[in-house]
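Examining the three-dimensional arrangement
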Amino acid sequence: PPKPPPAAAPAAPSKAPPSGERERRVPMTRMRQKIAERLKGAQETCALLTTFNEVDMSVLMALRAKHKEAFEKKHGVKLGFMSAFVRASVLALQEQPAVNASIDGTDIVYRNFVDISIAVSSPKGLVVPVLRGCESMSFADVEKEIQRLGKLAQTGQLALEDMVGGTFTITNGGVFGSLMSTPIVNPPQSAVLGMHGIVQRPVAVDGQVVIRPMMYIALTYDHRLIDGREAVTALKRIKEVVEDPHRFLRSLGATCCSAPGPGLAESGRGGSESGGCTCAGDAHVCPQYSFPESPLITPGLQLRDRLPPRRL
């Protein structure tokens, strides 16, 4: 007769729990307590709503690749994406002043300046130092100030005055791999812009499916003050400026190689004898641009004085 199957081996004894405690309790730092208090207060006080859009980063990435070496050589700081989003936000906030405003009791306080808080990760948690006077900052000014404040945050040297008084916030979860989120407003501000990761994905362009580097952007706002029309319009304006920064730069005096006047065509670096080129003024395919007083180069450019008046 067949031999009976061998008896099952006895179950291995469960591993003994590691020596020492399996959890530990530590007091919250004063900064973490304050962050928790403010964020919970925002949810309880504000009527928070988030609207989304997506940005094709192709043109901005090409512009950055083209200018980054000259930019770093001239200014001693790298050209990132944050400066473009800061400049785009300034333009959107100037066109939609309610997004830059706040509620004080039964009053609405409108600001004629733009101070943008930039969310920065530090060893002690998330901090939001403020870029002051963004309406008069160049790309170089923004990048230098972000670098300075980032170093202070990493070394724990940020002062309280560095983190108060902002009128709008930008946070970039994309640096940690976030694809989409709903950021929380930082009171007494009324809105916050959330940037996210850049992902290559298929999109429809002129009836064709193409692969583009895309970013989701989100604007959370206090619906007590800001209507949906204003919030959506502001976010759409940010999208438009980031997707076509050449158009934004042309409004500041930049000239395409096909444009008549003191552009690249007359300097012999582009265009033709008639002052034109194959791009026909299309910012997406123009091989060269001349940027007199460009925010990529010139510090302190007063955008409010250079942009066409806003229609009421």
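Numbers given to residues run from 1 along each chain, matching the order in which its sequence is written. Given that this is a predicted model, residues contribute local features only at a pLDDT of at least 70 and side-chain atom pairs are listed and counted only at 80 or more, while totals for whole chains, interfaces and linings are drawn from all residues. Water and hydrogen atoms were dropped before computing side-chain values, which therefore reflect all heavy atoms in the structure.

Moving on to the overall build of the protein chain. Segments assigned H or I by DSSP are reported as helices when at least four residues long, segments assigned E as strands when at least two residues long, and all are numbered from the N terminus. Counting its secondary structure elements, the protein chain contains eight helices and 13 strands. When accessible area is computed with a 1.4 Å probe and restricted to protein chains, residues below 20% of their type maximum are described as buried, those above 50% as exposed, and intermediate ones as partly exposed. Within the protein chain, buried positions represent 42% of all 312 residues. Look at the contacts in the protein chain between residues 6 or more apart in sequence, and 66% of them connect residues 24 or more apart. Accessible surface area values rest on a Shrake-Rupley calculation with a 1.4 Å probe, where residue burial reflects the displayed protein chains alone. A total of about 17900 Å² of accessible surface is found on the protein chain, and carbon and sulfur atoms cover 55% of it. Throughout, a contact is declared for two residues whenever any of their heavy atoms are within 4.5 Å.

Right, let's talk about the layout of surface pockets for a bit. Roughly 870 Å³ of internal volume is contained in the largest pocket. Together, 35 residues line the largest pocket, and Ile 35, Leu 126, Val 127, Val 128 and Met 163 are the ones closest to its centre. Elements represented by at least two residues in the lining of the largest pocket include exactly helix 1 (30–45), strand 6 (125–127), helix 4 (139–154) and strand 8 (168–172). With six residues, the top contributor of residues to the lining of the largest pocket is helix 1. Each residue is assigned to one of three groups, with Ala, Val, Leu, Ile, Met, Phe, Trp, Tyr, Cys and Pro labelled nonpolar, Asp, Glu, Lys and Arg labelled charged, and all others, Gly among them, labelled polar. A breakdown of the residues in the lining of the largest pocket according to their chemical character gives 19 nonpolar, eleven polar and five charged. Of the two site types, the cavity is a set of points on a 1 Å grid over the protein atoms alone where a 1.4 Å probe fits but cannot get out, and the pocket is an open set with protein on both sides within 12 Å along at least five of seven lines, each lined by residues with an atom within 4 Å of a point. Grid points are joined across faces, edges and corners, and a volume is the space filled by probe spheres set on the points. Of the pockets and cavities examined, the second largest pocket occupies roughly 560 Å³. As for the second largest pocket, its lining consists of 25 residues, and the residues nearest its centre are Met 82, Ala 119, Ile 146, Asn 172 and Val 175. When contributions to the lining of the second largest pocket are tallied by element, the ones reaching two or more residues are strand 5 (120–122), helix 4 and strand 8. The element contributing the most residues to the lining of the second largest pocket is helix 4, with four residues. Residues belonging to the lining of the second largest pocket are distributed by class as follows: 13 nonpolar, nine polar and three charged.

This part takes up a nonpolar patch on the surface. Put simply, a patch holds well-exposed residues, over 30% relative accessible area, that have no salt bridge, with like charges counted together within 9 Å and Val, Leu, Ile, Met, Phe, Trp or Tyr side chains within 5 Å. Salt bridges are defined as contacts in which a side-chain nitrogen from Lys or Arg sits within 4 Å of a carboxyl oxygen from Asp or Glu. On the surface, Phe 52, Leu 179, Met 180 and Val 199 cluster together to form a nonpolar patch covering roughly 340 Å² of accessible area. Topologically, Val 199 is positioned in strand 10 (residues 198–205).

This paragraph deals with the side chain of Arg 111. Structurally, Arg 111 is set in the loop between strand 3 (107–109) and strand 4 (116–118). Under the counting rule used here, the positive set is Lys and Arg, the negative set is Asp and Glu, and His together with the chain ends is not counted. No salt bridge is formed by the buried Arg 111; the nearest opposite charge belongs to Asp 115, separated by 8.2 Å. Any pair of nitrogen or oxygen atoms within 3.5 Å is treated as a polar contact; in protein, a donor-acceptor pairing is required on top of that, and neighbouring residues in sequence qualify only through side-chain atoms on both sides. Among the polar contacts made by the side chain of Arg 111, one reaches the main-chain carbonyl oxygen of Asn 100 at a distance of 3.2 Å. In this structure, Arg 111 is in contact with Asn 100, Ala 101, Ser 102 and Thr 167, ignoring residues within four places of it in sequence.

Over its 16 residues, helix 1 extends 22 Å from the first C-alpha to the last, a length consistent with the 22 Å expected when each residue adds 1.5 Å. The backbone nitrogen of Arg 32 lies 3.1 Å from a side-chain oxygen of the residue at the head of helix 1, namely Thr 29. Here the expected span of a helix is defined as 1.5 Å times the quantity of residues minus one.

Moving on, we come to the packing of aromatic side chains. We call Phe, Tyr and Trp rings a pair once their centres come within 6.5 Å, taking the six-membered ring for Trp, and we label the pair stacked below 30 degrees between planes, edge-to-face above 60, and tilted otherwise. Summed over the entire model, instances satisfying the criterion amount to zero aromatic pairs. We call a charge positioned over a ring when the NZ of a Lys or the CZ of an Arg lies within 6 Å of the ring centre and within 35 degrees of the ring normal. Sitting above the plane of the Phe 81 ring, Arg 64 keeps its charged end 5.1 Å from the centroid.

Below, the discussion takes up unusual backbone geometry. Put simply, Pro 187 and Pro 188 share a cis peptide bond, and its omega is 5°. Along the chain, Pro 188 falls in the loop between strand 8 and strand 9 (191–195). With phi around 55°, Asp 206 is a residue other than glycine that occupies positive phi space. Summarising the element assignment, Asp 206 is placed in the loop between strand 10 and strand 11 (208–222).

The next thing to look at is the packing of helix 3 (residues 82–95) against helix 4. Only the stretch in contact is used when a helix axis is fitted, and all axes are lines through C-alpha atoms; the angle between N-to-C directions ranges over 0 to 180 degrees. Running from N to C, helix 3 and helix 4 point in directions that differ by 120°, and their axes come no closer than 9 Å. Between helix 3 and helix 4, the angle is such that the two are oblique. Seen along the crossing, helix 3 lies across helix 4 with a hand that is right-handed. Mapping the contact onto sequence places Met 82, Ser 83, Ala 84, Val 86 and Arg 87 in helix 3 and Phe 139, Val 142, Glu 143 and Ile 146 in helix 4. Partitioning the contact of helix 3 with helix 4 into residue classes produces six nonpolar, one polar and two charged. Roughly parallel here means an angle under 35 degrees, roughly antiparallel means over 145, roughly perpendicular means 65 to 115, and every remaining angle is called oblique. Here a crossing is called left-handed whenever its near helix is offset anticlockwise from the far helix by less than a right angle, and right-handed whenever the offset is clockwise.

Relative to the elements of secondary structure, Asn 100 occurs in the loop between helix 3 and strand 2 (102–104). At a separation of 2.6 Å, a polar atom in the side chain of Asn 100 contacts the side chain of Thr 167. Those residues in contact with Asn 100 that sit more than four places away from it in its chain are Leu 93, Arg 111, Phe 113, Val 114, Thr 167 and Phe 168.

A word on helix 5 (residues 228–243). Given a rise of 1.5 Å per residue, 16 residues ought to cover 22 Å, and the 22 Å separating the end C-alpha atoms of helix 5 matches this to within 8%. Regarding helix 5, the residues found buried are Glu 230, Ala 231, Ala 234, Leu 235, Ile 238, Lys 239, Val 241, Val 242 and Glu 243.

A separate point is the confidence of the model for the protein chain. Confidence in the prediction for the protein chain averages 79 pLDDT; 73% of positions are at 70 or higher. Confidence scores here are pLDDT values: one per residue, from the predictor, ranging 0 to 100. Low pLDDT, under 50, characterises residues 257–312; the predicted model gives this stretch 113 contacts beyond four residues in sequence or across chains.

What follows concerns the pairing of strand 10. Sheet analysis places strand 10 next to strand 11, joined by eight bridges and oriented antiparallel. Across the sheet, the residue bridging to Val 199 is Met 214, located in strand 11. Here strand 10 folds back onto strand 11, and the loop between the two strands holds two residues, one of which, Asp 206, carries a positive phi near 55°. Strands were regarded as paired on the criterion that DSSP finds at least two bridges between them.

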